[in-house]
Every structure is written in C-alpha cells, then in structure tokens.
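Chain residues, written in single-letter form:
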Amino acid sequence: MSDAPRPIHLRLRKKSRVLELEYADERYSLSWEYLRVYSPSAEVRGHHPSQAVLQTGKRDVAINNLKPVGHYALQLLFDDGHDSGLYTWDYLYRLCTQESALWQAYLDDLAEAGASRDPDTQVLHFEP
C-alpha cells in the first residue's frame with residue numbers, strides 16, 4: 001500500500017483543458033498534453049527506460065473521457081486513440097508534485113530531438 005494520498009475530487013475541465021485533482025489540503029491542475037506525454041503505458045514508457053518513446057505533436061490532444069479502474073487508478077481516453085495507460089493514484093500524485101521538473105525535462109527532450117509539441121511541425125537545426 002502506498003503513502004500517496006488519493007484525490008477526493010476530480011474535475012475534467014474542457015474549456016481550460018486540464019484535469020483538476022483535489023486532495024484534502026492541496027489542488028493541482030494538470031494539462032491534458034502533460035498527462036498524454038507522461039502516460040504510464042508501455043507504448044510510451046516502454047518496458048525499460050531505454051525503450052521510452054518521446055511523444056511529439058500532442059499540444060492539442062484532448063481527453064474524451066476518464067474511467068475509474070478499481071480503487072487504485074484512472075484510465076484516460078484521449079482523442080488520438082491512446083487509452084492504454086492506467087494512472088494509479090501514486091503516479092498521478094507524482095505527476096502533480098513533480099510537474100515543473102517533469103515538464104521541463106520533456107521540453108528539453110523535445111529540443112534535443114529537434115521535435116515539436118505541435119502536430120504538424122518538424123524542426124530542423126543547422127550548424128553555423
């Protein structure tokens with residue numbers, strides 16, 4: 001059993017494109033894009049860190065629905081067809097509390113790969 005708290009309220013905010021998680025003494029808003037690029041699925045994370053697949057072009061991704069999975073997780077159904085990640089309460093709390101560092105790591109990985117958050121953009125870098 002984990003020490004991570006379980007949210008007492010979840011709100012899927014379509015206009016602001018965030019998932020709000022309210023805990024007993026804190027509230028977080030996670031963007032849909034952030035949740036998609038940090039999906040816990042094997043398709044995204046692989047079965048080993050070396051197999052992780054950088055998610056690109058997800059700026060406009062939407063969450064169509066969310067479903068509880070037992071008493072331990074949420075399944076997020078994205079409009080790009082991705083639905084295989086189970087977001088445990090532990091994992092969601094980690095995404096909440098480490099959002100700034102994780103988001104910056106993602107942006108750094110995109111820059112290093114010459115990739116973009118935009119779905120129809122390819123980035124090329126030329127040496128001077």
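The present account deals with the structure reproduced in this document.

Calculation rules
- Residues numbered from 1 in each chain as written.
- Predicted model: local features only at pLDDT ≥ 70, side-chain atom pairs only at ≥ 80, totals over all residues.
- Heavy atoms only, no water.
- Helix = DSSP H or I, 4+ residues; strand = E, 2+ residues; numbered from the N terminus.
- 1 Å grid on protein atoms, 1.4 Å probe; cavity = no way out; pocket = protein on both sides within 12 Å on 5 of 7 lines; lining within 4 Å.
- Points joined across faces, edges and corners; volume = space filled by probe spheres on them.
- Nonpolar A, V, L, I, M, F, W, Y, C, P; charged D, E, K, R; others polar.
- Buried < 20%, exposed > 50% of the residue type's maximum accessible area, 1.4 Å probe, protein only.
- Pairing = 2+ DSSP bridges.
- Salt bridge = Lys/Arg side-chain N within 4 Å of Asp/Glu carboxyl O.

1. Some points on unusual backbone geometry
Then, in step 1: For Arg-17, which is not a glycine, the phi torsion comes out positive at approximately 60°.
Then, in step 2: Structurally, Arg-17 is set in the loop between strand 1 (9-13) and strand 2 (18-22).

2. Observations regarding the layout of surface pockets
One water molecule sets the probe size; rolling that probe over the atoms shows where empty space is left.
Then, in step 1: Quantified by volume, the largest pocket comes out at close to 390 Å³.
Then, in step 2: Surrounding the largest pocket, 18 residues form its lining, Val-37, Tyr-38, Val-44, Arg-45 and Ala-52 being those nearest its centre.
Then, in step 3: Counting only elements with at least two residues in the lining of the largest pocket, the list comes to helix 2 (42-45), helix 3 (89-97) and helix 4 (99-113).
Then, in step 4: Take the lining of the largest pocket: its biggest share by element is four residues, from helix 4.
Then, in step 5: In terms of residue class, the lining of the largest pocket is built from 11 nonpolar, four polar and three charged.

3. Let's talk about the pairing of strand 2
Then, in step 1: Summarising burial for strand 2: five of the five residues are buried, a large majority.
Then, in step 2: Side-chain alternation along strand 2 places Val-18, Glu-20 and Glu-22 on one buried face and Leu-19 and Leu-21 on a second face that is also buried.
Then, in step 3: Pairing of strand 1 with strand 2, which is carried by five bridges, proceeds in the antiparallel orientation. Bridge pairing in strand 2 places Leu-12 opposite Leu-19.

4. Some words on the pattern of salt bridges
Then, in step 1: Applying the stated criterion across every chain yields a total of seven salt bridges.
Then, in step 2: Residue Arg-13 is joined to Glu-20 by a salt bridge in which the shortest nitrogen-to-oxygen separation is 3.3 Å.
Then, in step 3: Residue Asp-80 pairs with Lys-58 through a salt bridge whose shortest N-O separation is 2.8 Å. Highlighted residues: Asp-80 in the loop between strand 5 (73-78) and strand 6 (86-88) and Lys-58 in the loop between helix 2 and strand 4 (63-69), separated in sequence by 22 residues.
Then, in step 4: Look at Asp-80 and you get partly exposed, because its relative accessible area is 34%.

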